[in-house]
Amino acid sequence: MMKDVVHNALHVEEREQLLFARRFSPSVAKELNKHALYLAMGKTSASVQLRFLRNGPATLTLKRFSASLLSRPGQIDFSKRYGGALDLSETLDIEVDGVLSHNRLKNGTIRFNEGEEITIHLPNHHEVGWTLEGSIEPIENDAETILCLGDSIIQGVGVHHSSEGLCTRLGLILGMDVLNQGLMGTLVNPKMIVPLEKAIDYVLLGYGTNDWSLRTDKAEFVEDMDELFSRLRTLYPCQPIILLTPLYRADHDRTRPLGSFEEIGSILGEVASRHENVTVLDGAALSLHDQFDDGFLHPNARFIEHLAHQIADRFPSGTGSRS
C-alpha cells in the first residue's frame, strides 16, 4: 500500500528496506551512465509527491544519499563550462491540510499527529530513500499526466524549496500530474525517449540552452531534435506537445558555434513546424530578465512561478488517446 501514496513517479524501487521513487525507465540506464552528473541527477525525485490521508499517527523516515557530480575522465567538465557556483541546497516541503512548511532536508524521522490530508514534496536535486508507517490511506488519482522533458530548469535547479519547481507548479495550476524527466546538464538526446509504463496525455519540452552552450555541430543538433520529435510521435501519436524554447539568459548576447541565442529558438521552432500538434512557446519572451538564482542562467522561484502561469495560460486543451 505504501507505494500507492507515490504521485508523479514512473515506478518505485525497494532497496535495503527503503523505497525510492524513480523518474526514469531502467532502459535509459546506459544514457544516464554517460556522465556522473546525469547518473546522480537521474536518481533524484524531482516533482515526486507522497500524498495520503492520515487516520491516526504516521511516521516518515527519510535517508538522504550523496553522489559525486564531478566529471570522469573524458567527460564534459560542467563545473568549468558553467562559469559560476551552483547552489543545490533545498528543503523538504510538507503540506498539512493545505498549509505548507519548509523543512530542513536531513536524515531522520518526521511524525504526523495532526491534520488529515498530507502531501510531502520529495527533493528536486537529491536522492532519498524513505519509509512511511502508520494509519494512512492513499489518495486515489485519475488526473491527466504531463511528461516533462528537458534540462536543469525543467528538473528544478534554481529553486530551493522542493514544492517550487516548474513542473510541480504547472501541475498544480492545471490540476494535472507530472512526470518530471528534466535532467541537469543534458543535451537533446533522442535515446532518452523510450516507452513508459504510464499513461501520458501531454508532453512538455524544455531543451536548447545547454546545446547552445556546448554543441559545435548545428546539423547534428537539428538531426537529434528531429529524431526526438519523431520518437515522441511514435509513442504519443495524438498527444499535444508543447515546446518551450530557451529562456532568457544574461549572456544571451554572445555568439557560439550554433549561432546567436535568438537563432537557437528559431532552429527549434523550425524543427517543431515539421511535426503535427506542436505548440511552440517563446521562452525568451515569457521570461523575467532580472530574476536569476545564479545571476545569469537558472531562474529563481519568482521567475519560475511567473513562467508556470505563462505556460498554463497557453496550454493546449484536449488530448488524443492515452498511451
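Residues numbered from 1 in each chain as written. Predicted model: local features only at pLDDT ≥ 70, side-chain atom pairs only at ≥ 80, totals over all residues. Heavy atoms only, no water.

J.: So what about the pattern of salt bridges? Which residues, and what values?
T.: Applying the stated criterion across every chain yields a total of 15 salt bridges. Note that Arg51 and Glu117 form a salt bridge whose closest N and O atoms lie 3.2 Å from each other. Taken together, the residues span a long stretch of sequence, with Arg51 in strand S4 (residues 49–65) and Glu117 in strand S8 (residues 117–121) at a distance of 66 residues. Between Arg215 and Asp211 there is a salt bridge, and its shortest N-O distance comes to 2.6 Å. Grouping residues by exposure puts Arg215 and Asp211 together as buried. A single network of salt bridges, built from pairs that share partners, joins Glu13, Arg15, Arg22 and Glu127. (Salt bridge = Lys/Arg side-chain N within 4 Å of Asp/Glu carboxyl O. Helix = DSSP H or I, 4+ residues; strand = E, 2+ residues; numbered from the N terminus. Buried < 20%, exposed > 50% of the residue type's maximum accessible area, 1.4 Å probe, protein only.)

J.: Can you lay out the sheet that holds strand S16 (residues 278–281) for me, pointing to particular residues and giving the numbers?
T.: The five strands lie next to each other as S11-S10-S12-S13-S16, forming an open sheet whose pairing is parallel. Of all strands in the sheet, those bounded by a partner on one side alone are strand S11 (177–182) and S16. Direction aside, the axes of adjacent strands within the sheet are offset by 15 degrees on average. Bridge count between strand S10 (residues 145–150) and S11: six bridges; the pairing is parallel. Directly across from Gly150, in S11, lies its bridge partner Gly182. (Pairing = 2+ DSSP bridges. Axes fitted to C-alpha atoms, helices over the stretch in contact; angles between N-to-C directions.)

J.: Tell me what's going on with the side chain of Asp224, and back it up with residues and numbers.
T.: Residue placement: Asp224 occurs in helix H7 (residues 218–235). On the accessibility criterion, Asp224 (18% relative accessible area) is buried. Non-local contacts of Asp224, meaning those with residues more than four positions away in its chain, are made with Val188, Pro190 and Arg215. (Contact = heavy atoms within 4.5 Å.)

J.: Please give an account of the packing of aromatic side chains that cites residues and values.
T.: The description of two aromatic rings rests on the distance between their centres and on the angle between their planes. For the structure shown, the criterion picks out seven aromatic pairs. Relative to Phe65, the ring of Phe20 has its centre 5.4 Å away and its plane inclined at 55 degrees; by these criteria the two rings are tilted. Taken together, the positions of Phe20 in strand S3 (residues 18–22) and Phe65 in strand S4 put the pair 45 residues apart, joining distant regions of the chain. Residue Phe20 is classed as buried on the basis of its relative accessible area of 1%. Summarising the aromatic geometry, the rings of Phe52 and Phe112 are spaced 6.1 Å apart at their centres and angled 80 degrees between planes, so their arrangement reads as edge-to-face. Taken as a pair, Phe52 in strand S4 and Phe112 in strand S7 (residues 108–112) lie far apart in primary sequence, 60 residues in all. Phe112 shares its class with Phe52; the two are buried. A network of ring pairs unites the aromatic residues Tyr248, Phe292 and Phe303 as a single cluster. Lying over the aromatic face of Phe65, Arg15 brings its terminal NZ or CZ to 5.9 Å of the ring centre. We note Arg256 situated over the ring of Trp212; from NZ or CZ to the ring centre the distance is 4.5 Å. (Phe/Tyr/Trp six-rings, centres within 6.5 Å; stacked < 30°, edge-to-face > 60°. Lys NZ or Arg CZ within 6 Å of the ring centre and 35° of its normal.)

J.: Report on the nonpolar core, specifying residues and quantitative values.
T.: One recurring pattern in soluble globular proteins: nonpolar side chains tend to sit buried together. Judged by nonpolar contacts, the single largest core of 42 residues is most densely connected at Val203, Leu205, Met225, Phe229 and Leu232. Residue assignment for this core shows that the elements contributing at least two residues are helix H2 (36–41), S10, strand S12 (202–206), helix H6 (209–214), H7, strand S13 (241–244) and helix H8 (261–272). No other element matches H8, which puts six residues into this core. Discounting residues that sit within four places of it in the chain, Val203 has contacts with Leu147, Leu149, Leu232, Tyr236, Pro240, Ile241 and Ile242. Counting residues in hydrophobic clusters, the runner-up holds 26 residues, among them Val178, Leu204, Ile304 and Ile311. (Core = buried A, V, L, I, M, F, W, Y, C linked by side-chain atoms within 4.5 Å.)

J.: If you had to explain empty space enclosed by the protein to someone new, which residues and values would you point to?
T.: Tallied over the full model, the rule gives three cavities of 30 Å³ or more. Within this model, the largest cavity holds a volume of roughly 100 Å³. Taken together, 13 residues make up the lining of the largest cavity; nearest its centre are Asp151, Ile153, Gly206, Pro246 and Leu247. Tallied by class, the residues present in the lining of the largest cavity amount to nine nonpolar, three polar and one charged. In this structure, the second largest cavity encloses a volume near 60 Å³. Lining the second largest cavity are Phe24, Leu149, Gly150, Gln181, Leu183, Thr186, Leu187, Asn189, Met192 and Tyr207. A per-class count over the lining of the second largest cavity returns six nonpolar, four polar and no charged. (1 Å grid on protein atoms, 1.4 Å probe; cavity = no way out; pocket = protein on both sides within 12 Å on 5 of 7 lines; lining within 4 Å. Points joined across faces, edges and corners; volume = space filled by probe spheres on them. Nonpolar A, V, L, I, M, F, W, Y, C, P; charged D, E, K, R; others polar.)

J.: Residue-level account of the side chain of Thr209, with values.
T.: Mapped onto the elements, Thr209 comes out in helix H6. Since its relative accessible area comes to 5%, Thr209 is described here as buried. At a separation of 2.6 Å, a polar atom in the side chain of Thr209 contacts the side chain of Arg249. Discounting residues that sit within four places of it in the chain, Thr209 has contacts with Asp151, Pro246, Arg249, Phe261 and Leu297. (Polar contact = N/O pair within 3.5 Å; in protein donor to acceptor, adjacent residues only side chain to side chain.)

J.: Before we move on, could you go through the environment of His160 and cite the residues and values that matter?
T.: In this structure, His160 sits in the loop between helix H4 (152–155) and helix H5 (166–174). Separated by 69 residues in the primary sequence, His160 and Thr91 place their C-alpha atoms 6.3 Å from one another. Once residues lying within four places of it in the same chain are set aside, the contact partners of His160 are Asp87, Ser89, Glu90, Thr91 and Asp293.

Purely geometric stuff here, so don't read any function into it on its own.
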